[in-house]
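Chain and residue survey
Given next are the chains, with one letter for each unit.
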Amino acid sequence: MKICAEKFHDECGVAGIYKKDGKDAAKFIYYCLYALQHRGQESTGITTSKGGVMTTEKGMGLIHEVFANGDVAKLKGPVGIGHVRYTTAGDSHIRNAQPFEVYHKGVQIAMAHNGNLVNARALRDQLEDEGLVFDTGSDTEVMLYLFARNIRLGAVESIREMCKVIKGSYAAVITFEDKLIGIRDVNALRPLCIGENDRSYVLASESCALDAIGAKFVRDVEPGEIVIIDRGGLQSYSMDLETDKKVCIFEYVYFARPDSTIDGISVYESRYKAGTIMAKELPVDADVVIGVPDSGMPAAIGYSEASGIPYGMGLIKNKYIGRTFIQPSQRMREEGVAIKLNPLRQVLENKRVVVVDDSIVRGTTSQQLVSIIRSGGAKEVHLLCASPPIISGCYFGVDTPSKEKLIAAEHSLEEIKQITGADSVGYISLEGLLRSVGGDGDWFCKGCFGGRYPMEIPEELILMRKRK
Ligand code: SF4
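Cut-offs applied
- Residues numbered from 1 in each chain as written.
- Predicted model: local features only at pLDDT ≥ 70, side-chain atom pairs only at ≥ 80, totals over all residues.
- Heavy atoms only, no water.
- Helix = DSSP H or I, 4+ residues; strand = E, 2+ residues; numbered from the N terminus.
- Rg over C-alpha atoms; globule rule 2.2 N^0.38 Å.
- Contact = heavy atoms within 4.5 Å.
- Near = heavy atom within 4 Å.
- Nonpolar A, V, L, I, M, F, W, Y, C, P; charged D, E, K, R; others polar.
- Pairing = 2+ DSSP bridges.
- Axes fitted to C-alpha atoms, helices over the stretch in contact; angles between N-to-C directions.
- Buried < 20%, exposed > 50% of the residue type's maximum accessible area, 1.4 Å probe, protein only.
- Domains from an automatic or database assignment.

A few words now on the overall build of the protein. A tally of helices and strands in the protein yields 16 helices and 25 strands. Compactness check: the protein gives a C-alpha radius of gyration of 22 Å against a globular reference of 23 Å for 468 residues, within 12% of the reference. The principal-axis extents of the C-alpha atoms in the protein amount to approximately 70 × 45 × 45 Å. Contacts in the protein between residues at least 24 apart in sequence constitute 70% of all its contacts with a sequence separation of at least 6.

And the structure:
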(Lines give C-alpha, C1' and ligand atoms only; values in the text may rest on other atoms or scores of the structure.)
Protein backbone atom coordinates (compact mmCIF):
# COMPACT_ATOMS: atom_id res chain seq x y z
CA MET A 1 0.00 0.00 0.00
CA LYS A 2 1.31 3.43 -0.85
CA ILE A 3 1.03 5.88 1.98
CA CYS A 4 0.89 9.45 0.68
CA ALA A 5 3.77 11.61 1.81
CA GLU A 6 2.45 14.10 4.36
CA LYS A 7 5.94 15.43 4.82
CA PHE A 8 8.95 15.67 2.57
CA HIS A 9 11.03 12.55 2.97
CA ASP A 10 14.68 12.06 2.44
CA GLU A 11 15.26 8.88 0.55
CA CYS A 12 18.34 7.43 2.16
CA GLY A 13 21.20 7.34 4.61
CA VAL A 14 24.63 5.84 3.99
CA ALA A 15 27.54 4.72 6.13
CA GLY A 16 30.95 3.15 5.54
CA ILE A 17 33.62 1.80 7.89
CA TYR A 18 37.28 1.02 7.35
CA LYS A 19 38.72 -0.89 10.31
CA LYS A 20 42.36 0.03 10.89
CA ASP A 21 42.71 -2.91 13.31
CA GLY A 22 41.61 -5.41 10.65
CA LYS A 23 38.61 -6.59 12.68
CA ASP A 24 35.14 -7.03 11.17
CA ALA A 25 33.40 -3.79 10.23
CA ALA A 26 29.80 -5.05 10.02
CA LYS A 27 28.60 -4.46 13.55
CA PHE A 28 29.88 -0.87 13.49
CA ILE A 29 28.07 -0.24 10.21
CA TYR A 30 24.98 -1.70 11.85
CA TYR A 31 25.23 0.79 14.73
CA CYS A 32 25.75 3.67 12.31
CA LEU A 33 22.68 2.64 10.33
CA TYR A 34 20.70 2.47 13.56
CA ALA A 35 21.57 6.12 14.15
CA LEU A 36 20.50 6.92 10.58
CA GLN A 37 17.23 4.99 10.67
CA HIS A 38 15.21 8.24 10.49
CA ARG A 39 16.54 8.72 6.92
CA GLY A 40 14.89 5.55 5.64
CA GLN A 41 12.74 2.74 6.97
CA GLU A 42 11.85 0.75 3.88
CA SER A 43 14.91 -1.41 3.49
CA THR A 44 18.43 -1.75 4.76
CA GLY A 45 21.60 -3.54 3.80
CA ILE A 46 25.26 -4.00 4.56
CA THR A 47 28.10 -5.18 2.30
CA THR A 48 31.50 -6.07 3.71
CA SER A 49 34.74 -6.85 1.96
CA LYS A 50 37.51 -9.20 2.98
CA GLY A 51 40.44 -9.30 0.58
CA GLY A 52 38.12 -7.87 -2.08
CA VAL A 53 35.59 -10.70 -1.65
CA MET A 54 32.22 -9.32 -0.68
CA THR A 55 29.27 -10.48 1.36
CA THR A 56 25.95 -8.66 1.34
CA GLU A 57 22.89 -8.98 3.53
CA LYS A 58 19.87 -6.83 2.83
CA GLY A 59 16.15 -6.90 3.23
CA MET A 60 12.91 -5.04 3.62
CA GLY A 61 12.22 -3.39 6.94
CA LEU A 62 13.96 -1.70 9.81
CA ILE A 63 17.54 -2.52 10.70
CA HIS A 64 16.66 -4.67 13.69
CA GLU A 65 14.13 -6.59 11.56
CA VAL A 66 16.54 -7.25 8.67
CA PHE A 67 19.39 -8.27 10.98
CA ALA A 68 17.21 -10.04 13.52
CA ASN A 69 18.93 -13.43 13.37
CA GLY A 70 22.51 -12.51 14.06
CA ASP A 71 23.12 -11.98 10.33
CA VAL A 72 25.55 -9.16 11.07
CA ALA A 73 28.03 -11.69 12.45
CA LYS A 74 28.03 -13.50 9.08
CA LEU A 75 29.40 -10.40 7.35
CA LYS A 76 33.16 -10.73 7.41
CA GLY A 77 35.83 -8.23 6.55
CA PRO A 78 37.37 -5.00 7.80
CA VAL A 79 35.75 -2.74 5.19
CA GLY A 80 32.09 -2.24 4.45
CA ILE A 81 29.24 0.02 3.51
CA GLY A 82 25.60 0.22 4.54
CA HIS A 83 22.38 1.87 3.50
CA VAL A 84 18.88 2.69 4.78
CA ARG A 85 16.24 3.51 2.24
CA TYR A 86 12.98 5.42 2.34
CA THR A 87 10.12 4.11 0.25
CA THR A 88 8.89 5.98 -2.81
CA ALA A 89 5.79 5.33 -4.87
CA GLY A 90 5.47 1.88 -6.36
CA ASP A 91 9.03 0.62 -5.98
CA SER A 92 9.08 -0.78 -2.50
CA HIS A 93 10.88 -3.97 -3.47
CA ILE A 94 13.85 -5.94 -2.23
CA ARG A 95 15.63 -5.55 -5.57
CA ASN A 96 15.90 -1.80 -4.89
CA ALA A 97 17.46 -2.35 -1.47
CA GLN A 98 21.08 -1.21 -1.35
CA PRO A 99 24.08 -1.61 -1.36
CA PHE A 100 24.23 -2.75 -4.99
CA GLU A 101 27.01 -5.06 -6.01
CA VAL A 102 28.59 -5.93 -9.37
CA TYR A 103 31.39 -8.22 -10.48
CA HIS A 104 33.33 -6.66 -13.32
CA LYS A 105 36.63 -7.77 -14.89
CA GLY A 106 37.35 -9.91 -11.85
CA VAL A 107 36.66 -7.11 -9.36
CA GLN A 108 33.74 -6.97 -6.94
CA ILE A 109 32.37 -3.48 -6.37
CA ALA A 110 29.56 -2.32 -4.07
CA MET A 111 27.91 1.07 -3.84
CA ALA A 112 25.28 2.77 -1.64
CA HIS A 113 23.88 6.15 -2.56
CA ASN A 114 21.81 8.97 -1.09
CA GLY A 115 20.43 11.35 -3.68
CA ASN A 116 18.97 11.33 -7.15
CA LEU A 117 20.42 11.72 -10.64
CA VAL A 118 18.41 14.06 -12.83
CA ASN A 119 19.83 12.53 -16.03
CA ALA A 120 19.50 8.88 -14.97
CA ARG A 121 16.90 8.13 -17.67
CA ALA A 122 19.08 9.41 -20.50
CA LEU A 123 22.15 7.58 -19.20
CA ARG A 124 20.21 4.38 -18.75
CA ASP A 125 18.86 4.57 -22.34
CA GLN A 126 22.38 5.08 -23.61
CA LEU A 127 23.76 2.15 -21.61
CA GLU A 128 20.88 -0.08 -22.68
CA ASP A 129 21.56 0.84 -26.31
CA GLU A 130 25.11 -0.34 -25.69
CA GLY A 131 23.72 -3.71 -24.58
CA LEU A 132 23.66 -3.36 -20.80
CA VAL A 133 20.85 -5.02 -18.90
CA PHE A 134 19.66 -3.48 -15.63
CA ASP A 135 18.23 -5.36 -12.67
CA THR A 136 16.48 -2.40 -11.04
CA GLY A 137 14.96 0.98 -11.75
CA SER A 138 17.49 2.67 -9.52
CA ASP A 139 19.84 5.44 -10.61
CA THR A 140 22.45 3.98 -8.25
CA GLU A 141 22.75 1.01 -10.59
CA VAL A 142 23.48 3.44 -13.44
CA MET A 143 26.23 5.02 -11.32
CA LEU A 144 27.67 1.64 -10.43
CA TYR A 145 27.94 0.52 -14.07
CA LEU A 146 29.49 3.82 -15.11
CA PHE A 147 32.05 3.44 -12.34
CA ALA A 148 32.74 -0.24 -13.03
CA ARG A 149 33.35 0.12 -16.74
CA ASN A 150 36.39 2.34 -16.15
CA ILE A 151 37.73 0.41 -13.19
CA ARG A 152 40.93 -0.49 -15.08
CA LEU A 153 41.85 3.22 -14.74
CA GLY A 154 41.91 2.91 -10.94
CA ALA A 155 39.56 4.29 -8.30
CA VAL A 156 40.12 8.01 -8.76
CA GLU A 157 39.97 8.08 -12.55
CA SER A 158 36.96 5.77 -12.76
CA ILE A 159 35.08 8.04 -10.33
CA ARG A 160 36.12 11.11 -12.31
CA GLU A 161 34.86 9.49 -15.51
CA MET A 162 31.55 8.63 -13.84
CA CYS A 163 31.14 12.12 -12.34
CA LYS A 164 31.77 13.78 -15.70
CA VAL A 165 28.51 12.37 -17.01
CA ILE A 166 26.17 12.04 -14.03
CA LYS A 167 24.12 15.06 -12.97
CA GLY A 168 22.13 15.43 -9.79
CA SER A 169 22.69 14.82 -6.11
CA TYR A 170 24.84 12.06 -4.69
CA ALA A 171 26.50 11.35 -1.42
CA ALA A 172 27.74 7.83 -2.00
CA VAL A 173 29.96 5.22 -0.40
CA ILE A 174 31.75 2.59 -2.47
CA THR A 175 33.93 -0.37 -1.62
CA PHE A 176 36.22 -2.46 -3.81
CA GLU A 177 39.60 -4.12 -3.25
CA ASP A 178 39.28 -3.39 0.48
CA LYS A 179 39.10 0.36 -0.12
CA LEU A 180 36.41 2.59 1.31
CA ILE A 181 35.47 5.49 -0.93
CA GLY A 182 33.17 8.45 -0.31
CA ILE A 183 32.01 10.98 -2.90
CA ARG A 184 29.85 14.08 -2.68
CA ASP A 185 28.40 15.82 -5.72
CA VAL A 186 29.69 19.18 -6.93
CA ASN A 187 26.82 20.98 -5.16
CA ALA A 188 27.12 18.91 -1.96
CA LEU A 189 23.33 18.69 -1.95
CA ARG A 190 23.20 15.69 0.36
CA PRO A 191 25.39 15.44 3.46
CA LEU A 192 28.38 13.17 4.02
CA CYS A 193 30.93 13.46 6.80
CA ILE A 194 34.16 11.80 7.90
CA GLY A 195 34.87 10.45 11.38
CA GLU A 196 37.75 8.60 12.97
CA ASN A 197 38.83 6.87 16.15
CA ASP A 198 41.82 4.71 17.03
CA ARG A 199 40.36 1.68 15.34
CA SER A 200 38.32 2.98 12.42
CA TYR A 201 37.64 5.52 9.72
CA VAL A 202 33.96 6.27 9.22
CA LEU A 203 31.91 7.88 6.48
CA ALA A 204 28.27 8.71 7.25
CA SER A 205 25.35 10.82 6.12
CA GLU A 206 25.15 12.51 9.52
CA SER A 207 27.47 13.09 12.45
CA CYS A 208 25.02 11.39 14.85
CA ALA A 209 26.19 8.08 13.29
CA LEU A 210 29.78 8.88 14.30
CA ASP A 211 28.66 9.54 17.87
CA ALA A 212 26.90 6.16 17.87
CA ILE A 213 30.23 4.32 17.55
CA GLY A 214 32.43 6.70 19.50
CA ALA A 215 34.16 8.19 16.46
CA LYS A 216 35.25 11.81 16.40
CA PHE A 217 33.95 14.11 13.72
CA VAL A 218 36.84 15.01 11.40
CA ARG A 219 35.14 17.08 8.70
CA ASP A 220 32.46 17.10 6.03
CA VAL A 221 33.28 15.78 2.58
CA GLU A 222 33.65 18.82 0.33
CA PRO A 223 31.62 19.44 -2.83
CA GLY A 224 33.16 17.50 -5.71
CA GLU A 225 35.53 15.61 -3.40
CA ILE A 226 36.61 11.96 -3.62
CA VAL A 227 37.82 10.45 -0.34
CA ILE A 228 39.71 7.16 -0.54
CA ILE A 229 40.56 5.23 2.60
CA ASP A 230 42.83 2.20 2.53
CA ARG A 231 45.95 0.83 4.19
CA GLY A 232 47.73 4.07 3.36
CA GLY A 233 45.21 6.13 5.36
CA LEU A 234 42.83 8.74 4.00
CA GLN A 235 43.51 10.56 0.75
CA SER A 236 41.45 13.31 -0.80
CA TYR A 237 41.10 13.97 -4.53
CA SER A 238 39.08 16.37 -6.57
CA MET A 239 36.60 15.31 -9.22
CA ASP A 240 38.18 18.07 -11.33
CA LEU A 241 34.78 19.60 -11.94
CA GLU A 242 33.48 23.06 -11.21
CA THR A 243 31.88 23.13 -7.75
CA ASP A 244 29.07 25.31 -6.41
CA LYS A 245 28.05 24.45 -2.85
CA LYS A 246 24.25 24.24 -2.51
CA VAL A 247 23.46 22.11 0.55
CA CYS A 248 19.79 21.10 0.88
CA ILE A 249 18.35 23.53 3.43
CA PHE A 250 15.65 21.00 4.29
CA GLU A 251 18.28 18.88 6.04
CA TYR A 252 18.21 21.53 8.77
CA VAL A 253 14.44 22.02 8.70
CA TYR A 254 13.36 18.42 8.91
CA PHE A 255 15.46 15.53 7.58
CA ALA A 256 18.47 15.43 9.84
CA ARG A 257 18.54 14.49 13.49
CA PRO A 258 18.83 17.47 15.86
CA ASP A 259 22.02 16.05 17.35
CA SER A 260 23.78 16.14 13.98
CA THR A 261 26.02 18.90 12.67
CA ILE A 262 26.04 19.35 8.91
CA ASP A 263 28.60 21.51 7.15
CA GLY A 264 29.49 23.24 10.39
CA ILE A 265 25.92 24.02 11.45
CA SER A 266 24.20 22.32 14.36
CA VAL A 267 20.77 21.09 13.28
CA TYR A 268 19.33 21.70 16.76
CA GLU A 269 20.68 25.23 16.97
CA SER A 270 19.39 26.15 13.52
CA ARG A 271 15.89 24.92 14.43
CA TYR A 272 15.98 26.73 17.76
CA LYS A 273 17.14 29.92 16.06
CA ALA A 274 14.38 29.63 13.45
CA GLY A 275 11.94 29.69 16.41
CA THR A 276 13.48 32.86 17.83
CA ILE A 277 13.25 34.52 14.42
CA MET A 278 9.62 33.44 14.06
CA ALA A 279 8.81 35.04 17.42
CA LYS A 280 9.85 38.38 15.88
CA GLU A 281 8.40 37.82 12.42
CA LEU A 282 5.15 36.20 13.56
CA PRO A 283 4.13 37.54 16.98
CA VAL A 284 0.93 36.03 18.43
CA ASP A 285 -1.00 36.85 21.60
CA ALA A 286 -1.12 33.39 23.17
CA ASP A 287 -0.92 31.44 26.46
CA VAL A 288 1.25 28.50 25.46
CA VAL A 289 3.66 27.42 22.69
CA ILE A 290 3.81 23.77 21.69
CA GLY A 291 5.87 21.95 19.05
CA VAL A 292 4.87 19.12 16.76
CA PRO A 293 7.05 16.16 17.78
CA ASP A 294 9.82 15.73 16.97
CA SER A 295 11.27 18.18 14.50
CA GLY A 296 8.95 21.10 15.38
CA MET A 297 10.04 21.10 19.02
CA PRO A 298 13.38 22.98 18.92
CA ALA A 299 11.74 25.83 16.97
CA ALA A 300 8.84 25.88 19.47
CA ILE A 301 11.32 26.18 22.35
CA GLY A 302 13.08 29.02 20.52
CA TYR A 303 9.76 30.77 19.88
CA SER A 304 8.77 30.41 23.53
CA GLU A 305 12.04 31.80 24.87
CA ALA A 306 12.10 34.74 22.47
CA SER A 307 8.42 35.62 22.95
CA GLY A 308 8.17 34.95 26.69
CA ILE A 309 5.12 32.71 26.13
CA PRO A 310 5.51 29.52 28.20
CA TYR A 311 6.45 26.30 26.40
CA GLY A 312 4.33 23.22 27.01
CA MET A 313 4.28 19.64 25.78
CA GLY A 314 0.82 19.75 24.27
CA LEU A 315 1.15 16.75 21.97
CA ILE A 316 2.29 13.27 22.89
CA LYS A 317 3.62 11.15 20.06
CA ASN A 318 3.26 7.41 20.00
CA LYS A 319 6.85 6.27 19.47
CA TYR A 320 5.88 2.80 18.34
CA ILE A 321 4.19 3.74 15.08
CA GLY A 322 6.07 1.70 12.49
CA ARG A 323 6.22 1.81 8.73
CA THR A 324 3.31 -0.61 8.46
CA PHE A 325 0.98 1.70 10.39
CA ILE A 326 -2.40 1.86 8.65
CA GLN A 327 -3.47 5.50 8.39
CA PRO A 328 -6.94 5.97 9.88
CA SER A 329 -9.61 6.80 7.33
CA GLN A 330 -11.38 10.17 7.40
CA ARG A 331 -14.34 8.46 9.08
CA MET A 332 -12.12 7.00 11.81
CA ARG A 333 -10.54 10.40 12.36
CA GLU A 334 -13.98 11.91 12.74
CA GLU A 335 -14.74 9.19 15.24
CA GLY A 336 -11.76 10.31 17.25
CA VAL A 337 -9.10 7.77 16.33
CA ALA A 338 -5.91 9.60 17.23
CA ILE A 339 -3.15 7.05 17.48
CA LYS A 340 -0.11 8.94 16.27
CA LEU A 341 -0.58 12.12 18.29
CA ASN A 342 -2.60 12.64 21.43
CA PRO A 343 -3.36 16.08 22.89
CA LEU A 344 -2.43 16.79 26.50
CA ARG A 345 -5.50 18.44 27.97
CA GLN A 346 -3.54 19.65 31.03
CA VAL A 347 -1.48 21.87 28.72
CA LEU A 348 -4.11 22.89 26.17
CA GLU A 349 -7.44 23.35 27.95
CA ASN A 350 -8.86 26.88 27.60
CA LYS A 351 -5.56 28.12 26.19
CA ARG A 352 -4.68 30.21 23.17
CA VAL A 353 -2.14 27.87 21.60
CA VAL A 354 0.75 28.54 19.21
CA VAL A 355 1.73 25.28 17.53
CA VAL A 356 5.02 25.15 15.62
CA ASP A 357 5.49 22.60 12.85
CA ASP A 358 8.62 22.17 10.75
CA SER A 359 6.85 22.23 7.37
CA ILE A 360 3.48 22.14 5.67
CA VAL A 361 3.39 20.02 2.51
CA ARG A 362 -0.13 18.99 1.46
CA GLY A 363 -1.89 20.49 4.44
CA THR A 364 -3.79 17.34 5.38
CA THR A 365 -1.60 16.72 8.43
CA SER A 366 -2.02 20.33 9.54
CA GLN A 367 -5.78 19.98 9.35
CA GLN A 368 -5.65 16.93 11.61
CA LEU A 369 -3.18 18.64 13.88
CA VAL A 370 -5.40 21.65 14.44
CA SER A 371 -8.38 19.43 15.11
CA ILE A 372 -6.40 17.26 17.59
CA ILE A 373 -5.29 20.38 19.48
CA ARG A 374 -8.86 21.69 19.57
CA SER A 375 -10.04 18.33 20.85
CA GLY A 376 -7.61 18.83 23.75
CA GLY A 377 -9.60 21.92 24.76
CA ALA A 378 -7.61 24.72 23.07
CA LYS A 379 -9.52 28.00 22.72
CA GLU A 380 -7.48 29.21 19.78
CA VAL A 381 -4.93 27.45 17.55
CA HIS A 382 -2.28 29.49 15.73
CA LEU A 383 -0.31 27.36 13.30
CA LEU A 384 3.25 28.53 12.63
CA CYS A 385 5.58 26.86 10.17
CA ALA A 386 9.36 26.86 10.61
CA SER A 387 9.98 26.72 6.87
CA PRO A 388 8.70 29.06 4.13
CA PRO A 389 5.80 27.98 1.88
CA ILE A 390 6.77 24.96 -0.25
CA ILE A 391 5.71 25.77 -3.77
CA SER A 392 7.85 23.45 -5.92
CA GLY A 393 8.94 19.85 -5.91
CA CYS A 394 12.40 18.46 -5.31
CA TYR A 395 14.43 16.56 -7.92
CA PHE A 396 17.38 15.69 -5.74
CA GLY A 397 16.34 12.63 -3.78
CA VAL A 398 13.43 13.90 -1.75
CA ASP A 399 9.99 12.40 -2.17
CA THR A 400 7.63 15.26 -3.06
CA PRO A 401 4.12 15.31 -4.43
CA SER A 402 3.25 17.15 -7.65
CA LYS A 403 2.93 20.93 -7.45
CA GLU A 404 -0.88 20.75 -7.54
CA LYS A 405 -0.81 18.85 -4.26
CA LEU A 406 1.38 21.37 -2.45
CA ILE A 407 -1.04 23.46 -0.43
CA ALA A 408 1.05 26.64 -0.53
CA ALA A 409 1.47 26.41 -4.31
CA GLU A 410 -2.27 26.40 -4.83
CA HIS A 411 -3.72 28.46 -1.98
CA SER A 412 -3.37 31.86 -0.33
CA LEU A 413 -2.56 32.21 3.36
CA GLU A 414 -6.21 32.99 4.08
CA GLU A 415 -7.31 29.83 2.22
CA ILE A 416 -4.73 27.74 4.10
CA LYS A 417 -6.14 29.11 7.36
CA GLN A 418 -9.61 28.01 6.29
CA ILE A 419 -8.50 24.59 5.03
CA THR A 420 -6.52 23.78 8.17
CA GLY A 421 -9.14 25.25 10.48
CA ALA A 422 -6.53 27.30 12.37
CA ASP A 423 -7.25 30.75 13.81
CA SER A 424 -4.15 32.02 12.06
CA VAL A 425 -1.34 30.59 9.95
CA GLY A 426 2.15 31.99 9.49
CA TYR A 427 5.37 30.93 7.81
CA ILE A 428 8.93 31.96 8.59
CA SER A 429 10.33 34.07 5.74
CA LEU A 430 13.02 32.60 3.48
CA GLU A 431 15.33 35.33 4.68
CA GLY A 432 14.55 34.30 8.28
CA LEU A 433 15.25 30.63 7.54
CA LEU A 434 18.57 31.55 5.95
CA ARG A 435 19.48 33.55 9.03
CA SER A 436 18.64 30.54 11.19
CA VAL A 437 21.37 28.54 9.43
CA GLY A 438 23.74 31.46 9.76
CA GLY A 439 24.12 31.95 6.05
CA ASP A 440 23.37 34.55 3.44
CA GLY A 441 21.70 31.91 1.33
CA ASP A 442 24.50 31.53 -1.13
CA TRP A 443 25.44 27.97 -0.31
CA PHE A 444 22.00 26.44 0.19
CA CYS A 445 19.57 24.87 -2.23
CA LYS A 446 16.15 26.41 -1.71
CA GLY A 447 14.50 25.16 -4.88
CA CYS A 448 11.32 23.91 -3.21
CA PHE A 449 10.64 27.38 -1.78
CA GLY A 450 10.54 28.79 -5.27
CA GLY A 451 14.23 29.53 -5.31
CA ARG A 452 16.44 28.45 -8.19
CA TYR A 453 17.47 24.83 -8.49
CA PRO A 454 21.23 24.44 -8.56
CA MET A 455 21.07 22.77 -11.99
CA GLU A 456 18.81 22.53 -14.97
CA ILE A 457 16.03 19.96 -14.57
CA PRO A 458 15.27 17.88 -17.70
CA GLU A 459 11.77 18.51 -19.06
CA GLU A 460 11.03 14.76 -18.92
CA LEU A 461 11.56 14.75 -15.15
CA ILE A 462 9.28 17.76 -14.67
CA LEU A 463 6.56 15.99 -16.65
CA MET A 464 7.00 12.79 -14.60
CA ARG A 465 6.60 14.79 -11.39
CA LYS A 466 3.40 16.38 -12.73
CA ARG A 467 1.90 12.92 -13.20
CA LYS A 468 2.71 11.92 -9.60
S1 SF4 B 1 14.63 21.42 -3.67
FE2 SF4 B 1 14.22 21.62 -1.42
S3 SF4 B 1 14.24 19.53 -0.61
FE4 SF4 B 1 15.20 19.48 -2.65
S5 SF4 B 1 17.39 19.67 -2.30
FE6 SF4 B 1 16.61 21.74 -2.68
S7 SF4 B 1 16.08 22.53 -0.62
FE8 SF4 B 1 16.33 20.32 -0.44
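So that's the structure; there's more coming.
Turning to the site of the ligand, a few remarks are in order. Near the ligand the following residues occur: L189, C248, I249, F250, C394, F396, V398, C445, G447 and C448. Across the shell around the ligand, the residue classes tally to nine nonpolar, one polar and no charged.

Here we have seven strands laid out as an open sheet, ordered 4-3-5-2-11-10-12, and antiparallel in their pairing. Bordering the open sheet on either side are strand 4 (53-60) and strand 12 (216-220), each of which pairs with just one other strand. Neighbour to neighbour, the strand axes of the sheet diverge by 15° on average, direction disregarded. Of the pairings in the sheet, the one linking strand 3 (residues 43-50) to strand 4 comprises eight bridges and is antiparallel in character. Residue pairing for strand 4: S43 is matched across the bridge by M60. Lying on the sheet, helix 1 (residues 26-35) is in contact with strand 2 (12-19), strand 3, strand 5 (79-85) and strand 11 (200-204); it crosses strand 3 at an angle near 155°.

All of the buried residues along helix 9 (residues 297-307) are M297, P298, A299, A300, G302, Y303 and S304. Where helix 9 is buried, its residues touch helix 8 (267-281), strand 18 (288-291), strand 21 (352-357) and strand 22 (380-385). Immediately beyond the C-terminal end of helix 9, within one or two residues, lies G308, with a positive phi of roughly 80°.

The domain architecture assigned to the protein consists of domain 1 (9-245) and domain 2 (268-319 + 327-437). Summarising the inter-unit geometry, the C-alpha centres of domain 1 and domain 2 are found 35 Å apart.

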